[in-house]
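The primary structure of each chain is shown beneath.
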Protein chains: 4
Amino acid sequence: MTERQSRSPIEERRAHPRGSSGWQTALTAVAPNAIMVRGYHLDELMGRLPFADAVYLLLMGELPTRTIGRMLDAILVSVIDHGVTPPSTLAARNVAASGAPLKDSVAAGILAFGPYHGGDIETCMRFLDQGLSLVRSGRAVQDAAQSLVDDCLAESKTPPGFGHRLHSQDPRAPRLFQLAMELEIEGEHVRMLRAIERALTVRQEQFGRLLPANVDGAIGAIAADLGFSYELGNAIFLISRLPGLIAHAHEERQRHAPMRQIDPKDHVYDGSSERRLPEGRK
Amino acid sequence: MTERQSRSPIEERRAHPRGSSGWQTALTAVAPNAIMVRGYHLDELMGRLPFADAVYLLLMGELPTRTIGRMLDAILVSVIDHGVTPPSTLAARNVAASGAPLKDSVAAGILAFGPYHGGDIETCMRFLDQGLSLVRSGRAVQDAAQSLVDDCLAESKTPPGFGHRLHSQDPRAPRLFQLAMELEIEGEHVRMLRAIERALTVRQEQFGRLLPANVDGAIGAIAADLGFSYELGNAIFLISRLPGLIAHAHEERQRHAPMRQIDPKDHVYDGSSERRLPEGRK
Amino acid sequence: MTERQSRSPIEERRAHPRGSSGWQTALTAVAPNAIMVRGYHLDELMGRLPFADAVYLLLMGELPTRTIGRMLDAILVSVIDHGVTPPSTLAARNVAASGAPLKDSVAAGILAFGPYHGGDIETCMRFLDQGLSLVRSGRAVQDAAQSLVDDCLAESKTPPGFGHRLHSQDPRAPRLFQLAMELEIEGEHVRMLRAIERALTVRQEQFGRLLPANVDGAIGAIAADLGFSYELGNAIFLISRLPGLIAHAHEERQRHAPMRQIDPKDHVYDGSSERRLPEGRK
Amino acid sequence: MTERQSRSPIEERRAHPRGSSGWQTALTAVAPNAIMVRGYHLDELMGRLPFADAVYLLLMGELPTRTIGRMLDAILVSVIDHGVTPPSTLAARNVAASGAPLKDSVAAGILAFGPYHGGDIETCMRFLDQGLSLVRSGRAVQDAAQSLVDDCLAESKTPPGFGHRLHSQDPRAPRLFQLAMELEIEGEHVRMLRAIERALTVRQEQFGRLLPANVDGAIGAIAADLGFSYELGNAIFLISRLPGLIAHAHEERQRHAPMRQIDPKDHVYDGSSERRLPEGRK
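Basis of the calculations
Residues numbered from 1 in each chain as written. Chains lettered and ligands numbered in written order. Predicted model: local features only at pLDDT ≥ 70, side-chain atom pairs only at ≥ 80, totals over all residues. Heavy atoms only, no water. Helix = DSSP H or I, 4+ residues; strand = E, 2+ residues; numbered from the N terminus. Buried < 20%, exposed > 50% of the residue type's maximum accessible area, 1.4 Å probe, protein only. Contact = heavy atoms within 4.5 Å. Areas by Shrake-Rupley, 256 points an atom, 1.4 Å probe, with all protein chains shown as cover. Lys, Arg positive; Asp, Glu negative; His and termini not counted. Charge placed at Lys NZ, Arg CZ, Asp CG, Glu CD. Least-squares fit on C-alpha atoms with pLDDT ≥ 70 in both. Salt bridge = Lys/Arg side-chain N within 4 Å of Asp/Glu carboxyl O. Buried area = accessible area lost by both parts, 1.4 Å probe. Polar contact = N/O pair within 3.5 Å; in protein donor to acceptor, adjacent residues only side chain to side chain. Nonpolar A, V, L, I, M, F, W, Y, C, P; charged D, E, K, R; others polar. Pairing = 2+ DSSP bridges. Core = buried A, V, L, I, M, F, W, Y, C linked by side-chain atoms within 4.5 Å. Axes fitted to C-alpha atoms, helices over the stretch in contact; angles between N-to-C directions. Parallel < 35°, antiparallel > 145°, perpendicular 65-115°, else oblique. Left-handed = near helix turned anticlockwise from the far one by under 90°.

Draft legend 1. Just the overall build of chain A, in detail. Counting its regular elements, chain A contains 14 helices and 5 strands. C-alpha atoms of chain A, sized along the principal axes, occupy 60 × 55 × 45 Å. Residues counted as buried form 64% of the 282 residues belonging to chain A. Once local pairs closer than 6 in sequence are excluded, the contacts in chain A between residues at least 24 apart make up 75%. Approximately 10,100 Å² of chain A is accessible, and the part contributed by carbon and sulfur atoms is 49%. If you average the places of the 32 positive and of the 34 negative side-chain charges in chain A, the two averages end up 2 Å apart.

The structure is reproduced here in structure tokens:
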């Protein structure tokens, strides 16, 4: 949390002067026949820690509790793919259409996670912290939320983390909130997000439509409550989305002609029809 | 398996002529307020399917069994990071040193997963399939393995998936084999790999050292037994490694001066000292 | 030429053992207040050497003659842009649509210079060298060309560097050949290319259409005659194409809405109408 | 100039509503057997327009005058390479060390043109425009410059475009200024830059050293005087630097072992010794 709130990267660097005997890293120690991630032997972690827990350990430095691990797992699943139309998917598919190797498609896709695509996680985290600093200085939560919303209205902008160009109710957001509640992980950022959602309902007419929290907003709020920095909050999106980029680049190479012109609107889904998880997996 | 063995991508494309009414995709269907991955509603999967299972579903089209899911989870953990010296990590750190955003570091890191770095998974899968086609045409497994090894010796090359520049015994490989055995997932590719390992022991003197299977070989064999295509076998490495690239780029930005000269050999580990998983996590 | 014909990169490395006192580079020496590219002070080159000549110096190690410099300049201009439909341009535009910075769009565009897009320069250079090695072993040039063409026919593939999906006569190729002739730069690779063109005319019926040399073929042949290696022949394409990627990414950011769906076929050109170079520039 | 000064990209987009019959592009029109860049036939430009002029035409929409073309040519040569130590070069070399293809190295290198590396061109352009807006509102040029410098001093930051971590006098900057003067291209941005240079001399003691304009500052000032937007000013750096990235990636692949550990400080230059341009090229 400290990292997110106070010191600039440059101050941070000043606070950590380099020793004279080499530059420092705290992530992974490698020696002949031994690899230790954050102090744990990698081969001990394998088969014992789910990938989501290992991600948390590597990024945050400590093992997550089981509930935090489950929450992160659900977040990773939540944005694993969003079909053929996002710019990241289209960048990956166009690179694949040139015959370039899979990793090149994936790298190009990652480059398309710009401010308008995935970037809302970080922007929303900052937005929620603005609201919380109003609360710190004495405002009631709902007042602070209303004030943030009215500022957005004055600047004719949609608050980051709310509304969706395709979904009037993004189905991933309520599921994440439900899990955060069940796992007792909700904190002040989620509460601020819900307060903003209520404030947006009050101003529904001025915005021209209801703006419920979207998946970026839900991830941003939960990641902030879990103590992720802005940069790492955003990084979760990269990790989650990678399999989707791979699947699209692979499908492009397997099923479509090289150098074809990809019209994102002119596609047909010919995959599995709708189905439900078997009883044993629920 | 078919995909890996028989048709070239171009034949594949010819075999799937495009309909006149749009281009086809079988991955994810998106409609207002609904996102279905391979037919399953994404919000139903969240909190119920570990990330590794969701990755398998997206890439392979069906839910994995629980044991396959656990195996894939262990594979994803196995190569999550390998310290500061691989070219991918150094590419990511050098991009971070320029002040570029995290995603740019990550994309550069992915571009460094070239033939000599991670590429051995795919090369080893092809190598094992060469051995298995000898078996199909009547050779005994150990004979086929010996023949592959002698071919490598004649060309003065190390067989793909064996030996390691740093580890005389890569600790990740035996752990993966142990899990494959416990989970009853071992198949003909793992058996071929073990046969090659034995053949290499016989030829130890000629190679100048023992060449036990490394983590790339173990992943390649197990992924092949799980039915992954060459390209997707390699893709698992990308997914696993992403959090490591993120962690290094983030650490570079937090702890080090911009534009510094990064000497990969001159580093000091100042992270957590060695520790064991708590009892409850074993 | 040697580099292209004989030694593998690995042999090359073996032939250049590293000294004990540091790794070697022969490109640019930098000292306080002095930058020397291939031995020349950079500030002496500025304003005296056209960019194309500086590119040749840096890549090839020596100053080009004036005619070689002019030829390279014409090659660089020849593929500076090809409108909105190539995969590289579309990858760059899709990344720009996410709000990502210009350099990210450009990097993604470069990743889309795959085998089917620009890669024909290198493939054609190799193809011409196949023909020339037939000539070395005693075949007449036109015989060798006919033999290459008949091999392509047997494999139902279009020879690399010939034909174009859009142009029945790529207007850039004859202009490059005209300049190569005027500047007296034509060599055996251009002659082989022209011989193949004639052989294709003979087989026009079997291929179903005329297949004149395209711009990739012309660049490949001329670059080979200038002594470029395969890899550097291909690299010229990257240098030439970069301004086009920049122009498209910049136009996308300036003129179009973020996150729009880019249909490559649905575009309208609203730029300058057709015009001719003023007399003074001819 | 307007583009740089007034409207945000979003306003720009609002000002250009899309027609109903397709999206608009003004760069290059392609028809069967014809390619027109900004209205000129590409094959007419080839051999008649130097690459630098074609770059200007593509990016700015009109042919440059001959003097502007010569100035841009000198700018492109000025940053074509800076040896092995910049992060971009190291990112490209590390990707090459993995065996990845040349274009992947180049893309990774471009990603390392972050705020601290090349980004000063844009930052300096904005800085000079701050000074010029003081002048518009009535301040004398030298007063405005002194005020900018004192603001930097108060924030303990080095003004963008001045000083160099290696060169006490960057040799490229005075050469660019000399050419700008000879070609009569100097305008208000160059004058403001020189005024800031004088103001820095006055404050030499407070800054601890002399801070003459560096090559980024010189390019920024001249590009602004030529009417380049911030984004395109920065883009010139990408175009210029590409051959350097290619040369380093190619040398890495030709001369060094795969997977080697690249220590940027431990290198030896073994290229051509110092030499001068032959008389005919001056």
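Draft legend 2. Region of interest: the relation of the copies chain D and chain C. Between the two copies, chain D and chain C, the superposition gives an RMSD of 0.0 Å; the rotation angle is 180° and the shift along the axis is 0.0 Å. Here the symmetry operator amounts to a two-fold rotation axis. Scanning chain D for the C-alpha nearest the rotation axis identifies Ala107 of chain D, at a separation of 2.3 Å. Most of the interface of chain D is mirrored in chain C: 100% of its interface residues are interface residues there too.

Draft legend 3. Main features of the pattern of salt bridges. Tallying each qualifying case throughout the model produces 64 salt bridges over all chains. For Asp53 of chain A, the salt bridge goes to Arg281 of chain B, with nearest N and O atoms at 2.7 Å. Of the two residues, Asp53 of chain A sits in helix H4 (residues 51-60) while Arg281 of chain B sits in the segment after strand S5 (267-269), which places them in two different chains. Grouping residues by exposure puts Asp53 of chain A and Arg281 of chain B together as buried. The residue Glu231 of chain C makes a salt bridge to Arg253 of chain D at a minimum N-O spacing of 2.8 Å. With Glu231 of chain C in helix H14 (residues 230-255) and Arg253 of chain D in helix H14 (residues 230-255), this pair bridges two chains. In terms of burial, Glu231 of chain C and Arg253 of chain D fall into one category: buried. Here the residues in one salt-bridge network are Arg93, Glu251, Glu252, Arg255, Arg260 and Asp270 of chain A, joined through shared partners.

Draft legend 4. Just the interface of chain D and chain C, in detail. Residue-level contacts link 120 residues of chain D with 120 residues of chain C. Between chain D and chain C lies a buried interface of about 11,200 Å² when both sides are counted; carbon and sulfur atoms form 62% of it. Broken down residue by residue, the surface that chain D buries against chain C is led by Trp23, Phe51 and Arg281 of chain D, which jointly contribute 9%. Seen at the junction of chain D and chain C, the total is 8 salt bridges. With its nearest N and O atoms 2.8 Å apart, the salt bridge here joins Arg275 of chain C to Glu62 of chain D. Summed over the shared surface of chain D and chain C, the number is 58 residue pairs in polar contact (both at pLDDT 80 or more). Here the side of chain D that touches chain C gets 18 residues from one element, more than from any other, and that element is H14 of chain D. Split into classes, the residues belonging to the side of chain D that touches chain C amount to 55 nonpolar, 31 polar and 34 charged. As paired strands, strand S1 (residues 23-25) of chain C and strand S5 (residues 267-269) of chain D are joined by 3 bridges and run parallel to one another.

Draft legend 5. How the structure looks around unusual backbone geometry. Backbone geometry at Ser156 of chain B places phi at a positive 50°, although glycine is not the residue there. Mapped onto the elements of the fold, Ser156 of chain B is located in the loop between helix H9 (141-154) and helix H10 (172-182). Although it is not a glycine, Arg38 of chain C adopts a positive phi angle of roughly 50°. Looking at the secondary structure, you find Arg38 of chain C in the loop between strand S3 (34-37) and strand S4 (40-41).

Draft legend 6. Layout of the sheet that holds strand S2 (residues 28-31) of chain D. Residues and elements named next belong to chain D. Strands sit in the order S2-S3-S4 across an open sheet of 3 strands; the sheet is antiparallel. Only two strands of the sheet have a single neighbouring strand rather than two, namely S2 and strand S4 (40-41). Of the strand pairs in this sheet, strand S3 (residues 34-37) and S4 are connected by 2 bridges, and their pairing is antiparallel. By the bridge assignment for S4, Val37 is matched with Tyr40.

Draft legend 7. Highlighting the sheet that holds strand S2 (residues 28-31) of chain B. Across the sheet, which stays open at both edges, the 3 strands sit in the order S2-S3-S4 (chain B) with antiparallel pairing between neighbours. Edge positions in the sheet fall to S2 and strand S4 (40-41) of chain B, since each of these pairs with one other strand and no more.

Draft legend 8. Region of the structure containing the side chain of His250 of chain A. On the secondary structure map, His250 of chain A appears in helix H14 (residues 230-255). Side chain to side chain, His250 of chain A and Glu231 of chain B meet in a polar contact 2.7 Å long.

Draft legend 9. Highlighting the nonpolar core. Among the nonpolar cores identified, the biggest contains 360 residues, and Ile110 of chain A, Ile110 of chain B, Ile110 of chain C together with Ile110 of chain D are the most heavily contacted of them. With residues up to four places along the chain from it excluded, the contact list for Ile110 of chain C reads Leu238, Leu242 and Leu245 of chain C together with Lys103, Val106, Ala107, Ile110 and Leu242 of chain D.

Draft legend 10. Main features of the packing of helix H7 (residues 102-111) of chain A against H14 of chain A. All names here are of chain A. Two numbers describe how H7 lies on H14: the axes approach to 9 Å, and their chain directions differ by 130°. Taken together, the axes of H7 and H14 are oblique relative to one another. For the pair H7 and H14, the crossing hand works out as right-handed. Here Leu102, Ser105, Val106, Gly109 and Ile110 of H7 come into contact with H14, specifically with Leu238, Leu242, Leu245, Ile246, Ala249, His250 and Arg253.

Draft legend 11. A look at the side chain of His256 of chain D. Here His256 of chain D lies in the loop between H14 and S5. In terms of polar contacts, His256 of chain D uses its side chain to reach the backbone carbonyl oxygen of Gln24 of chain C, at 2.9 Å.

Draft legend 12. A look at helix H10 (residues 172-182) of chain A. Within H10 of chain A, the full set of buried residues consists of Arg172, Ala173, Arg175, Leu176, Phe177, Leu179 and Ala180 of chain A. The inward-facing, buried residues of H10 of chain A abut helix H5 (66-78), helix H11 (188-202) and helix H13 (215-225) of chain A together with strand S3 (34-37) and helix H3 (42-45) of chain B. Of the residues flanking the end of H10 of chain A, it is Glu184 of chain A, one or two places downstream, whose phi is positive at about 55°.

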